[in-house]
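What follows is the residue order along each chain.
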Amino acid sequence: MDTIMPLLYIAVFPGFVFLGAYATLIQWIDRKVTAVMQNRVGPPIYQPIADFIKLISKEVVIPDNADEILFKSIPYIALASIITTIFMIPVWGTPMVSFEGDIVVIVYLLTIPTVTFFLAGWSSTSPYSTIGSMRVMTQLFGYEVPLFLSFAGCAIIAQSWSVYKISEYFTQNPLMILVNIPGFIVALLASQGKLERVPFDTPHAKNEIVGGQFTEYSGRLLGIFLLAIDIEMVVLAALINAVFLGGLHNISGFFGFAIFIIKTLVVCLILTLFKVLMARVRVDQMVKFSWKYLVPVAVIQILIDLYIRLKF
Amino acid sequence: MSKIQIPLGPQHPALKEPENFMLVLDGEQIVDATVNLGYNHRGVEKAAENRNYIQDIYLIERICGICSHSHVSCYINAVEEIAKAEVPQRAKAIRTLVAELERVHSHLLWLGVAAFELGYDTLFMYTWRDREQVLDCLEMISGNRVHYGINTIGGVRRDITKEQAEEILKKIKFLHERTSYYVGVVTEEPTFLARTQNVGKLPKDVALELNAVGPTARASGVDIDVRRDEPYFIYDQLDFKVITHNTEDVFGRAVVRVLETIESYKMIEQILKNLPEGPISVKVPWKIGPGEAVFRYEAPRGEDIHYVKANGTEYPERVKVRAPTLANFQSIPYCLKNGYLADAIITIAAIDPCMSCTDRAVVYDYKTGKKEVFDWEGLRKYSIEFYKKKGVSFK
């Protein structure tokens with residue numbers, strides 16, 4: 001029993017199966033809400049799963065110049081590193097793994113997919129994917145710092161570097177959530193960059209560089225990559241929920257899970273709203289925006305948090 | 001970082017028609033750009049010589065799917081000039097009405113395409129939804145959404161009833177409101193401004209030198225519009241402004257187009273409220289000429305020029321089309337240079353290119369790498385030889 005339970009955690013809940021199912025649901029909601037806002041009908045609820053099955057069943061084409069082992073293994077690395085993250089975030093009661101400093105591990109694990117996107121583009125050796133991967137890296141320098149700074153603000157005010165303890169702190173002091181609203185907005189915008197969604201979807205802007213870093217990917221490998229991106233959205237929403245919004249409010253069991261679902265859906269809907277409202281910006285404009293607006297706001301947020309921490 | 005060459009097309013998600021742009025990139029910056037035309041050559045001019053004047057109307061209408069009325073009106077005006085036909089006022093008014101509805105539909109379509117190229121899918125969906133209204137108007141008048149087939153030599157084929165006029169006025173009022181909203185989006189939305197301002201700069205002197213026409217030229221501050229400078233149809237009786245803009249960039253081109261749409265609504269209202277009475281067409285003999293005529297016409301994309309040479313038979317001897325895109329294409333390499341790759345697509349889209357209107361073929365000998373442009377006599381000789389080999393004889 002002691003060995004079966006962790007395996008079930010990893011494979012079923014909150015691991016692979018749950019994340020995959022919830023990610024496809026979130027993708028559908030994202031697409032449907034976008035469609036309704038844009039005055040379209042939108043896809044049926046099984047569309048993301050149908051897309052995934054279609055990609056899985058298609059032929060995988062590997063470019064002649066590409067490094068075959070690297071090219072084939074990268075999608076799985078991206079998926080694995082993202083799924084690992086969920087074990088440190090509260091989904092049902094307490095998280096599976098929790099220790100001082102796990103938020104640093106989470107941010108580190110969430111950077112790995114971005115690096116794999118870069119490697120994916122670089123190892124494909126096509127001009128479009130090369131430019132796409134350069135943009136992935138350029139964009140990384142834009143959003144990574146504000147994202148981490150905004151998390152740091154919450155960690156300072158909660159006096160802990162553990163995600164679970166931060167959410168516990170905000171549950172006990174709900175008013176402190178209001179203090180962190182600027183940081184919350186910074187985190188939302190930065191995660192829009194991390195997820196490579198409009199307005200920060202330059203790395204795979206289809207009108208400019210076809211498929212960007214994924215141009216040469218096809219079939220199963222592309223399906224895994226797209227699933228990884230969908231799961232990344234769930235993980236980021238769960239992380240933002242845990243760090244900024246008080247997580248599950250210390251409610252374990254079914255109601256805690258219901259709170260998790262509702263709050264992550266709200267975060268995802270806000271991300272969808274950003275996507276619908278804006279046009280795509282250039283990569284240099286994105287980096288400029290991050291360092292001109294997001295980073296200063298995050299730093300001010302940290303100063304406010306420090307002041308409150310020392311005064312009260 | 002070494003320079004890389006990126007092909008934009010002939011197969012590319014952002015291009016609606018096959019066309020090739022070779023971009024030399026230094027990082028994200030474009031160092032050099034070349035335009036390669038010729039993927040879409042259909043030989044319309046040659047085909048026009050084998051058909052009579054009436055058949056040519058339907059052929060020339062199919063030069064372009066968006067400005068179909070423009071091309072055919074331009075051609076018909078040239079033919080009527082040779083035949084010395086007096087077109088009734090009511091026919092002229094209906095032609096003007098269709099022309100302005102077409103401009104509205106073309107500009108709304110462009111706004112949607114531009115928004116799509118910027119990744120602004122919401123604006124794209126909104127404008128194309130509203131564009132359906134103007135397509136409905138055109139369908140009501142002519143029976144068709146795209147190739148209206150309303151022109152005939154000597155007039156128009158269908159009349160407009162009072163009910164139709166009222167229905168169009170109602171739809172135009174709705175569109176006027178929506179377009180006023182788009183004026184706000186184009187001039188105020190921060191990401192739209194960030195992507196269009198100072199992009200694809202085309203200074204006034206360069207625009208004049210490269211013979212830019214239409215909204216592309218007007219956005220560079222060149223005050224030209226055939227509708228005002230050399231009025232045809234009933235434009236001399238209408239009250240409208242020629243919209244110019246002095247920012248010389250993609251933003252200016254967007255603003256010019258949106259404001260022009262609003263001018264078109266005003267014109268449509270004027271036409272429908274003072275629709276002259278009378279017949280809608282006159283008879284014109286089948287055999288026309290001899291003679292020749294050139295006609296200039298302000299299509300939604302710019303000045304369209306048709307040259308028709310008649311030789312006294314029912315077939316034209318020569319029809320030459322200078323589509324507005326051909327004039328505007330000259331400016332694209334200039335606009336692309338020193339820009340970013342991300343802006344290349346919107347810079348190309350900003351002239352509202354219509355590749356199939358403009359394409360001409362070049363003979364390329366792949367063994368010697370020699371390019372050759374045929375002159376008329378050479379092409380004629382070549383085609384006769386070509387068909388003789390296939391067993392078609394010319395007497």
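Treat the numbers as computed from the prediction; the structure is a model and nothing was measured.

The rules behind these values
- Residues numbered from 1 in each chain as written.
- Chains lettered and ligands numbered in written order.
- Predicted model: local features only at pLDDT ≥ 70, side-chain atom pairs only at ≥ 80, totals over all residues.
- Helix = DSSP H or I, 4+ residues; strand = E, 2+ residues; numbered from the N terminus.
- Buried ≥ 20, exposed ≤ 12 C-beta atoms within 10 Å, placed from the backbone.
- Contact = placed C-beta atoms within 7 Å.
- Pairing = 2+ DSSP bridges.
- Axes fitted to C-alpha atoms, helices over the stretch in contact; angles between N-to-C directions.
- Nonpolar A, V, L, I, M, F, W, Y, C, P; charged D, E, K, R; others polar.
- Domains from an automatic or database assignment.
- Parallel < 35°, antiparallel > 145°, perpendicular 65-115°, else oblique.
- Left-handed = near helix turned anticlockwise from the far one by under 90°.

Helix and strand counts for chain A come out as 13 helices and 0 strands. Ordered by position from N to C terminus, the α and β elements of chain A give α-α-α-α-α-α-α-α-α-α-α-α-α. A principal-axis box enclosing the C-alpha atoms of chain A has dimensions of 60 × 50 × 40 Å. Each of the 312 residues in chain A was classed as buried or not, and the buried ones make up 47%. A separation threshold of at least 6 residues defines the contact pool for chain A, and within that pool the share at least 24 residues apart is 80%.

What follows is about the sheet that holds strand S2 (residues 20-26) of chain B. Residues and elements named next belong to chain B. As summarised here, the arrangement of the 3 strands in space is S1-S2-S3, forming an open sheet in which the pairing is antiparallel. If you trace the sheet from one side to the other, it starts and ends with strand S1 (4-8) and strand S3 (29-36), each paired once. Sheet twist, expressed as the average angle between the axes of neighbouring strands with direction ignored, equals 20°. Here S1 pairs with S2 via 5 bridges, running antiparallel. Directly across from Pro7, in S2, lies its bridge partner Met22.

All right, on to the interface of chain B and chain A then. The interface is formed by 23 residues belonging to chain B together with 23 residues belonging to chain A. Taken together, the elements giving at least two residues each to the side of chain B that touches chain A come down to S1, helix H5 (121-142), helix H7 (190-196) and helix H14 (341-350) of chain B. Here the element with the most residues in the side of chain B that touches chain A is H5 of chain B; it accounts for 5 residues. Among the residues making up the side of chain B that touches chain A, the classes are represented as 14 nonpolar, 4 polar and 5 charged.

For Ser2 of chain B, the location among the structural elements is in the segment before S1. Distance in space between the C-alpha atoms of Ser2 of chain B and Glu132 of chain B is 48 Å, their sequence separation being 130 residues.

So, about the domain arrangement of chain B. Residue and element names in this part refer to chain B. The domain architecture assigned to chain B consists of domain 1 (4-38 + 360-389) and domain 2 (44-352). Tallying the contact residues gives 12 residues for domain 1 and 14 residues for domain 2. Taken together, the elements giving at least two residues each to the side of domain 1 that touches domain 2 come down to S2 and S3. Of all the elements, S3 adds the most residues to the side of domain 1 that touches domain 2, at 6 residues. A breakdown of the residues in the side of domain 1 that touches domain 2 according to their chemical character gives 8 nonpolar, 2 polar and 2 charged.

Okay, the sheet that holds strand S6 (residues 291-299) of chain B next. Two orientations exist for strands paired in a sheet by backbone hydrogen bonds: parallel and antiparallel. Residues and elements named next belong to chain B. Spatial ordering of the open sheet is given by S6-S7-S8, a layout of 3 strands whose pairing is antiparallel. Two strands lie at the open edges of the sheet, namely S6 and strand S8 (316-322), each paired on one side alone. Adjacent strand axes in the sheet meet at a mean angle of 15°, parallel and antiparallel pairs treated alike. As paired strands, S6 and strand S7 (residues 302-310) are joined by 9 bridges and run antiparallel to one another. From the neighbouring strand, Val294 faces S7, where its bridge partner is Tyr307.

Residue and element names in this part refer to chain A. Turning to its location among the elements, Val104 is positioned in helix H5 (residues 102-124). Judged by local crowding, Val104 falls into the partly exposed class, with 14 C-beta atoms found within 10 Å. Taking the C-alpha atoms as reference points, Val104 and Phe118, separated by 14 residues in sequence, lie 22 Å from one another.

Attention now goes to the environment of Ile131 of chain A. Here Ile131 of chain A is to be found in helix H6 (residues 127-158). In this structure Ile131 of chain A comes out as buried when scored by C-beta crowding, with 27 C-beta atoms within 10 Å. C-alpha separation for the pair Ile131 of chain A and Pro95 of chain A, spaced 36 residues apart in sequence, amounts to 39 Å. If sequence neighbours within four positions are ignored, Ile131 of chain A has contacts with Ile209 of chain A together with Leu341 of chain B.

Pro199 of chain A follows Val198 of chain A through a cis peptide bond whose omega is 5°. Its location among the elements puts Pro199 of chain A in the loop between helix H9 (181-194) and helix H10 (206-209). In this model, Asn39 of chain A sits at a positive phi of 65°, which is unusual for a non-glycine residue. You can call Asn39 of chain A exposed: it has 12 C-beta atoms within 10 Å. With a phi angle near 55°, Lys84 of chain B is a residue other than glycine that sits in the positive phi range. With respect to the helices and strands, Lys84 of chain B occurs in the loop between helix H3 (68-83) and helix H4 (89-117). By the C-beta count within 10 Å, which is 9 here, Lys84 of chain B ends up exposed.

Our focus in this paragraph is the packing of helix H6 (residues 162-188) of chain B against helix H11 (residues 250-273) of chain B. In helix packing, the relevant descriptors are the interaxial angle and the interaxial distance, both defined with respect to the helix axes. All names here are of chain B. The contact between H6 and H11 brings their axes to 10 Å, and the two run at 160°. Considering the angle they form, H6 stands roughly antiparallel to H11. The way H6 lies across H11 gives a crossing that is left-handed. Residue-level contacts link Ala165, Ile168, Leu169, Ile172, Leu175, His176, Thr179, Tyr182, Val183, Val186 and Thr187 of H6 to Ala254, Val255, Val258, Leu259, Thr261, Ile262, Tyr265, Ile268, Glu269 and Leu272 of H11. Its residues placed into classes, the contact of H6 with H11 shows 16 nonpolar, 4 polar and 1 charged.

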